[in-house]
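Chain and residue survey
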Amino acid sequence: MSKRRVVITGLGIVSPVGNSIPQVWDNLTNGRGGVSLITRFDPALLPTRFAAQVTNFNPNEWMSPKEVRRMDTFIHYGLAAAKMAMDDAGLVVTEENAERIGVNVGSGIGGLPMIEDTVREMIAKGPRRISPFFVPGSIINMVAGMISIQYGFKGPNVSMVSACTTSAHCVGDAARFIEYGDADVMIAGGAEATISMSGIGGFCSCKALSERNDSPDTASRPFDRDRDGFVLGEGAGILVLESLEHAQARGARIYAELLGMGMSSDAYHMTSPSMDGPRRGMINAMKNARVNPSDVQYINAHGTSTPLGDKNETEAMKAAFGDHAYKLVVNSTKSMTGHLLGAAGGIEAVFTTLAIHHQVSPPTINIFNQDPECDLDYCANTARDLKIDVAVSNSFGFGGTNGSLVFKRFV
């Protein structure tokens, strides 16, 4: 059985650097980051008091006030980004095609703020005050469920959970549903909203976050010698994937083609990365996409700004691409958005698609003194016009789970 080709026809985003595709692309290419001091709760007792927060977002513009009250913030973000992507794709749902449209949207952690609020209410007033919407309003698969309910999608309805690789896996797995004929269209990506006392506090406890409180806007420094941890971000990134035949039959605008996905496991440690796992993930992705390392021009790196992680990814890229690694343009958009955990692969799939569509690499900002052990071309501080025929987007997560996506310019 020959696999069907998969193309990207719609993009939607809620992020620290904007809540529309034009705004986000303008901010990315001009190196404007979205990191600032935390405003939604008092972080005074925490070692890290800043994050990459979503701003100027009103969930009531995307759903009814009743739905807003019954669902956690990550679902708000996911529903809004899905609506944008659907509108962008110009996809019309009918009784005839509803069973051929599915959803694969996940989250790494899910409804943490709602869980916090519910526990606080329970301790103060007792368990009878727990809302009947607490469980359905905070579980991870409800973002995919609500997207399906909102539009009447009757095809596959799943949510993958694989830490910071979640939405890369969701996008790649959704493409396989299309490749093998289980759906004609898939809404795919991820959503996350963990900027809360327990979210920030938990990552502070494992010494993962930057503590550059005096300069939050320069705290996310992927591949810089003085990086001291990642910056927690939030939001959602959603793509509309279609079989090429379906997209062409309805005259859809095509941003790019999704060629393949590669997965691997470090089988090494809960949180510390192994170079070999990401290396194998990238090699598996290129094998699945049927491209050679020399065919790739651009990588949207996982690039979290942790001392170990950035060095590890650099070594993995050199091992996977050989001498060609030094001809690649690599960037980390996390320098501007922070790390969106389970939504990172979703927004970065959006960014990679836009990089191919516009033939531009966004910069990695805040590279003041490049780490000598990170010795590739990271598109430091300034966007660059770039011929991009094939691109890779990397995502790696706790538990040693890795996912790489391969995209191609559609001509």
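Quick summary incoming for the structure in this document.

1. Examining the layout of surface pockets
- What the largest pocket holds in volume is close to 600 Å³.
- Lining the largest pocket are 34 residues, and of these T271, P273, T306, G309 and F398 sit closest to its centre.
- Counting residues per element, the ones that place at least two in the lining of the largest pocket are α11 (307-321), β13 (390-397) and β14 (401-408).
- The leading source of residues in the lining of the largest pocket is α11, at 6 residues.
- When its residues are assigned to classes, the lining of the largest pocket shows 13 nonpolar, 16 polar and 5 charged.
- Here the second largest pocket defines a volume of roughly 470 Å³.

2. Considering the pattern of salt bridges
- On inspection of all chains with the given rule, the structure shows 23 salt bridges.
- Two residues, D87 and K83, come together in a salt bridge whose shortest N-O distance is 2.7 Å. With D87 and K83 both in helix α3 (residues 73-89) and 4 residues apart, this pair spans about one turn of that helix.
- Here D87 falls in the partly exposed class, since its relative accessible area comes to 48%.
- Residue K83 is classed as partly exposed on the basis of its relative accessible area, which comes to 31%.
- Notably, a salt bridge pairs E348 with K334, separated by 2.8 Å at the nearest N-O pair. Separated by 14 residues along the polypeptide, E348 in helix α13 (residues 344-358) and K334 in helix α12 (residues 334-337) bring together distant segments of the chain. One exposure class covers both E348 and K334, and it is buried.

3. Quick look at the packing of α3 against helix α6 (residues 142-151)
- Two elements in contact, α3 and α6, have axes whose closest approach is 9 Å; the angle formed by their N-to-C orientations is 45°. The angle between the axes of α3 and α6 places the two elements in the oblique class. Crossing geometry of α3 relative to α6 is assigned as right-handed. Of the residues in α6, those touching α3 at F74, I75, G78, L79, A82, K83 and M86 are M142, V143, M146, I147, Q150 and Y151.
- Of the residues assigned to the contact of α3 with α6, the class counts are 10 nonpolar, 2 polar and 1 charged.

Parameters and conventions
- Residues numbered from 1 in each chain as written.
- Predicted model: local features only at pLDDT ≥ 70, side-chain atom pairs only at ≥ 80, totals over all residues.
- Heavy atoms only, no water.
- 1 Å grid on protein atoms, 1.4 Å probe; cavity = no way out; pocket = protein on both sides within 12 Å on 5 of 7 lines; lining within 4 Å.
- Points joined across faces, edges and corners; volume = space filled by probe spheres on them.
- Helix = DSSP H or I, 4+ residues; strand = E, 2+ residues; numbered from the N terminus.
- Nonpolar A, V, L, I, M, F, W, Y, C, P; charged D, E, K, R; others polar.
- Salt bridge = Lys/Arg side-chain N within 4 Å of Asp/Glu carboxyl O.
- Buried < 20%, exposed > 50% of the residue type's maximum accessible area, 1.4 Å probe, protein only.
- Axes fitted to C-alpha atoms, helices over the stretch in contact; angles between N-to-C directions.
- Parallel < 35°, antiparallel > 145°, perpendicular 65-115°, else oblique.
- Left-handed = near helix turned anticlockwise from the far one by under 90°.
- Contact = heavy atoms within 4.5 Å.

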